[in-house]
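A structural walkthrough
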Amino acid sequence: LGVASADQPTGGPVAASDLQAWYDTHQDDYMQGVRRKIRYAVVERRSVLDEIEITDSEIEEFYAANQASYETPEQRRASHILLQVLPSATAVEKDGVRATAEALLARVRAGESIADLAPELSVDTISAARGGDLGFFGRGAMVPTFDAAVFSTPVGEFAEVVETDFGFHVIQVTGERDAGLQPLDEVREDIRTRISLDKAQELIREKATSLSAAAVSPEEFTAAAEAAGLEVAELTAAAGDNMPELAPSPEFRNEMFELPVGGISGPVVVAKGMAVFAVDEDFPPAVAPLADVRLQVESAYRNERLRKLAVTAARNALGSGRDLDQAARTLDQEVQDSGDLAPGRVVLPGMGGDSPELSATLFDDDTVVG
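Residues numbered from 1 in each chain as written. Predicted model: local features only at pLDDT ≥ 70, side-chain atom pairs only at ≥ 80, totals over all residues. Heavy atoms only, no water.

A short note on the side chain of S196
- Among the structural elements, S196 can be located in helix α8 (residues 184-214).
- Filtering out sequence-adjacent residues up to four positions away, S196 remains in contact with L49, I52 and I54. (Helix = DSSP H or I, 4+ residues; strand = E, 2+ residues; numbered from the N terminus. Contact = heavy atoms within 4.5 Å.)

Listed below in structure tokens is the structure:
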């Protein structure tokens, strides 16, 4: 028999005094490694974008040098109306949706417009907002039956009603594009953006390098950053902390804990651009303040409370007579046979994984068999 912790009443809010007591008696669980204090400044990518100008000749040169990136396969453009079939639909209900789709196909073939009908009738809300338009796509981009219908239907014509896992589709093929090179005008803005970002990265690296060179000591770091028009922030963290201020940046994390105290970093990539930092101080391993680990403490406290409730429920069900059949009836369960077990990792079906405590109890010399 099993009594799950998750089935126990969770109770109300946890009292602050209970959290404090748990934290005080489990401090080894909340030890932090070496923590380091730094000051840092970030040269943000967006701060330099206005300084960047891209000429038409640069765009044309990039296009000529990267034409392989703009080769496209044969593409079709289509619009559709999707009528949903719920997974729980009966055969009769499914046939009804199909009949509605066939009637809708007859309407558009007779002259009504998918563009007019899709916003009202299609459950594909994204394309419906564009009058059912799916844009251009290549072979294999859609589910097989939809794909086959689009690429076998002449441009301007309507395919027969198509069934997919999403429901029934009424489809019109609205355009085609042969395999080949995308025209420059279609990719001009994409190229402009790519060149702008590349130039921005070069520019922010130059600015970050200048800051690193100007801040020859931690004492001069703040003044050098402010002279460059940058804000200085402080951060104290251990190597395993998330550092949400800088977003995931393994390079920054590694550099932060490799430099000696008093060191000034070079440019380091972070989410918003390039950072430079000064290492001010190390703090030895210590217990994290309760405020920093409050969520973990509350989760651990609640889990232990639920575990104790489950143990109490199991003991109450078993009763003083130790009658397993009676306990099963109380818990609305059936007694299960584990089969042969051996010492070591014991896993019982439906018990949520292995349990060292269960294994120790089963094979304890004082455990009575039978």
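Anyway, onward from the coordinates.
Notes on the sheet that holds strand β6 (residues 162-164)
- Spatially, 4 strands are ordered β5-β4-β7-β6 in an open sheet, and the strand pairing comes out antiparallel. At either margin of the open sheet sits one strand with a lone partner, and together these are β5 (133-138) and β6. Across the sheet, the mean angle separating the axes of adjacent strands is 45° when strand polarity is ignored.
- Here β6 pairs with strand β7 (residues 167-177) via 3 bridges, running antiparallel. Bridge pairing in β7 links V162 to H169.
- Across the sheet, helix α5 (residues 114-121) lies against β4 (75-84) and β7, angled at about 40° from β4, the strand it touches most. (Pairing = 2+ DSSP bridges. Axes fitted to C-alpha atoms, helices over the stretch in contact; angles between N-to-C directions.)

A look at the environment of T164
- Mapping T164 onto the fold places it in strand β6.
- For T164, a relative accessible area of 10% gives the class buried.
- Each C-alpha atom of the pair T164 and V143 lies 7.5 Å from the other, and the pair is 21 residues apart in sequence.
- Contact partners of T164, with chain neighbours within four places excluded, come to V143, T145, F146 and H169.
- Among the polar contacts made by the side chain of T164, one reaches the main-chain amide nitrogen of F166 at a distance of 3.1 Å. (Buried < 20%, exposed > 50% of the residue type's maximum accessible area, 1.4 Å probe, protein only. Polar contact = N/O pair within 3.5 Å; in protein donor to acceptor, adjacent residues only side chain to side chain.)

Remarks on the nonpolar core
- Among the nonpolar cores identified, the biggest contains 27 residues, and I191, L211 and F221 are the most heavily contacted of them.
- Of all the elements in the fold, those that place two or more residues in this core are β2 (35-44), α3 (56-65), α8, α9 (218-227) and β11 (273-283).
- Residues within four places of L211 in sequence aside, it is in contact with A41, F221, A224, A225, L230 and V276. (Core = buried A, V, L, I, M, F, W, Y, C linked by side-chain atoms within 4.5 Å.)

Comments concerning the packing of helix α4 (residues 91-109) against α5
- Packing of α4 against α5 leaves a shortest axis separation of 10 Å and a crossing angle of 150°. On the basis of the axis angle, α4 is roughly antiparallel to α5. Touching L104, R107 and V108 of α4 are I114, L117 and L121, all from α5.
- Of the residues assigned to the contact of α4 with α5, the class counts are 5 nonpolar, no polar and 1 charged. (Parallel < 35°, antiparallel > 145°, perpendicular 65-115°, else oblique. Nonpolar A, V, L, I, M, F, W, Y, C, P; charged D, E, K, R; others polar.)

Some thoughts on the packing of α3 against α8
- In contact at an axis separation of 9 Å, α3 and α8 are set at 100° when each is read in the N-to-C sense. Taken together, the axes of α3 and α8 lie roughly perpendicular to each other. Taking contact as the criterion, the partners of D56, E58, I59, E60, F62 and Y63 in α3 are, on α8, L184, V187, R188, I191, R192, R194, I195 and K199.
- Taken together, the residues of the contact of α3 with α8 sort by class into 7 nonpolar, no polar and 7 charged.

Re α9
- For α9, the set of buried residues is P218, F221, A224 and A225. For α9, the arc enclosing every buried residue in end-on projection is 95°, short of the 170-degree limit, so these residues lie on one face. Counted as exposed and oriented over 90 degrees from the buried face of α9: E219, E226 and A227.
- Its buried side turned inward, α9 meets β2, α8 and β11.
- Looking one or two places after α9, you find G229, whose phi comes out positive at around 80°. (Arc of directions from axis to C-beta.)

Quick word on the packing of aromatic side chains
- Evaluation of the coordinates by the stated rule reveals 6 aromatic pairs.
- Relative to Y70, the ring of Y63 lies with its centre 5.9 Å away and its plane at 35°, an arrangement referred to as tilted.
- Overall, the relative accessible area of 3% leaves Y70 in the buried class.
- Seen from their ring centres, F252 and F277 are 5.0 Å apart, and the 55° between their planes marks the pair as tilted. Linking F252 in helix α10 (residues 250-258) with F277 in strand β11, this pair joins segments that are 25 residues apart in sequence. (Phe/Tyr/Trp six-rings, centres within 6.5 Å; stacked < 30°, edge-to-face > 60°.)

Brief notes about the pairing of β4
- Judged by how many residues are buried, β4 sits mostly within the fold: 8 of 10 residues are covered.
- Sheet topology note: the β4/β5 ladder contains 4 bridges and is antiparallel. Considered in β5, the bridge of Q75 is made with G138.
- Alignment of β4 against β7, held across 10 bridges, turns out to be antiparallel. Across the sheet, the residue bridging to Q84 is G167, located in β7.

Re the environment of A288
- Along the polypeptide, A288 turns up in the loop between β12 (286-287) and α11 (294-318).
- Here the alpha-carbon distance between A288 and M31, two residues 257 residues apart in the chain, equals 5.8 Å.
- Those residues in contact with A288 that lie beyond four places of it in its chain are Y23, Y30, Q32 and V293.

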